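The primary structure of each chain is shown beneath.
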Amino acid sequence: ENVTIQLPVDGDIEEGKISATITGKDNAPMPSDAEDGKTNSLVNPDGSINLGDITFTEPGEYEYGIKLDSDEYDIDVDEFTIVVKVKLDEATNTLYVDGIVAVDADGNEISLEDLGLGIRKREEETSDDSANPNTSAKNYAPAFAIVGATIAALGCATRAIRRR
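Reading the values: rules and limits
Residues numbered from 1 in each chain as written. Predicted model: local features only at pLDDT ≥ 70, side-chain atom pairs only at ≥ 80, totals over all residues. Heavy atoms only, no water. Helix = DSSP H or I, 4+ residues; strand = E, 2+ residues; numbered from the N terminus. Buried < 20%, exposed > 50% of the residue type's maximum accessible area, 1.4 Å probe, protein only. Contact = heavy atoms within 4.5 Å. Areas by Shrake-Rupley, 256 points an atom, 1.4 Å probe, with all protein chains shown as cover. Core = buried A, V, L, I, M, F, W, Y, C linked by side-chain atoms within 4.5 Å. Pairing = 2+ DSSP bridges. Phe/Tyr/Trp six-rings, centres within 6.5 Å; stacked < 30°, edge-to-face > 60°. Lys NZ or Arg CZ within 6 Å of the ring centre and 35° of its normal. pLDDT = per-residue confidence, 0-100. Salt bridge = Lys/Arg side-chain N within 4 Å of Asp/Glu carboxyl O.

Asks: Any details on the overall build of the chain? Residues and values, ideally.
Replies: Scanning the chain from N- to C-terminus turns up 2 helices and 10 strands. Reading the helices (α) and strands (β) of the chain from amino to carboxyl end gives β-β-β-β-β-β-β-β-β-β-α-α. Out of the 164 residues belonging to the chain, those deemed buried represent 26%. Within the chain, residue pairs in contact and separated by at least 24 positions form 59% of the contacts whose partners lie at least 6 positions apart. Total accessible area on the chain stands at roughly 10,900 Å², and carbon and sulfur atoms take up 46% of it.

Here's what the structure looks like:
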């Protein structure tokens, strides 16, 4: 079954700007392209993550660790665990995903909305010196040198006039 989770995000995320590493816990089934119990995906602009095509062979609850990473977005909670709940439809004798929840630090099930991911576009970093070049201390250095030289020259001129 193709398993997708929906992360709560405000607005759209730029495509391909947040990656997700998915790790199966306690031998949870993984997609066929997984290596060493891990697979990678990208967070879609709507906040969804496709975990891949996973074949569940029996009903149960399966845990997966999710690690988000981005160079362009700040993420308050970048690692979390989800539980995929798989049930058996006895009428058709098929397995289906009945729900996906997150797990908090105490092991309690919570909704994905309650994770508090805090995904937001990273602001361009500027230092105080470069934010306004007219007030930068390094820009005052030539002015201080000129003022200092002028004062020194006036001091020499004043002494020369007094000696006369």
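Asks: Describe the nonpolar core, with residues and values.
Replies: Membership of the largest hydrophobic core comes to 29 residues, with the highest contact counts inside it found for Ile49, Leu51, Tyr64, Ile66, Leu68 and Ile82. Where this core is concerned, the elements lending two or more residues are β1 (2-6), β2 (19-24), β4 (48-53), β5 (60-69), β6 (73-75) and β7 (79-89). In contact with isoleucine 82, other than residues within four places in its own chain, are Ile5, Leu51, Tyr62, Glu63, Tyr64, Ile66, Ile100, Val101, Ala102 and Leu112.

Asks: Explain the sheet that holds β5 to me, and be specific about the residues and the numbers.
Replies: Spatial ordering of the open sheet is given by β3-β2-β5-β7-β8-β9, a layout of 6 strands whose pairing is antiparallel. In this open sheet, the two edge strands, each paired with only one partner strand, are β3 (38-42) and β9 (109-110). By the bridge criterion, 9 bridges tie β7 to strand β8 (residues 94-103) in an arrangement that is antiparallel. Residue valine 83 lies in a different strand from β8, and its bridge partner there is valine 101.

Asks: So, the packing of aromatic side chains: which residues are in play, and what are the values?
Replies: Applying the stated rule across the entire model yields 1 aromatic pair. The ring of tyrosine 73 has lysine 121 sitting right over it, with the charged end atom 5.3 Å from the ring centre.

Asks: Please provide a residue-by-residue account of the pairing of β8, values included.
Replies: In sequence, β7 turns back onto β8 through a hairpin of 4 residues, with asparagine 93 there showing a positive phi of about 55 degrees. Examined bridge by bridge, β8 and β9 share 2 bridges and lie antiparallel to one another. Each residue of the ladder has a partner; that of valine 103, found in β9, is glutamate 109.

Asks: Hey, could you go over the side chain of serine 70 for me, with residue numbers and the actual values?
Replies: In this fold, serine 70 is placed in the loop between β5 and β6. Beyond its immediate sequence surroundings of up to four residues, serine 70 is in contact with Lys17, Ile18, Ile75 and Arg122.

Asks: An account of the confidence of the model for the chain is requested, with residue identities and associated values reported.
Replies: Chain-level pLDDT for the chain is 82 on average; 76% of the residues reach the 70-or-more range. Here residues 156-161 is a poorly scored stretch, pLDDT under 50, and it has 0 contacts once near neighbours within four places are set aside; other chains count.

Asks: Describe the pattern of salt bridges, listing the residues and the values that go with them.
Replies: In a structure, side chains of opposite charge can pair up when their charged atoms sit close to one another. The full count for this structure, using the stated rule, is 9 salt bridges. Here lysine 85 makes a salt bridge to glutamate 61, at a shortest N to O gap of 4.0 Å. One end of the pair, lysine 85, is in strand β7; the other, glutamate 61, is in strand β5, with 24 residues separating them in the sequence. Taking relative accessible area as the criterion, lysine 85 reaches 22% and is therefore assigned partly exposed. Classification of glutamate 61 by relative accessible area gives exposed; the value is 52%. Arginine 122 serves as the salt-bridge partner of aspartate 74, at 2.8 Å between the closest nitrogen and oxygen. Of this pair, aspartate 74 sits in strand β6 while arginine 122 sits in the loop between β10 (119-121) and α1 (128-131), placing them 48 residues apart in sequence. Classification of aspartate 74 by relative accessible area gives partly exposed; the value is 26%. Residue classification places arginine 122 among the partly exposed residues on the basis of a relative accessible area of 29%.

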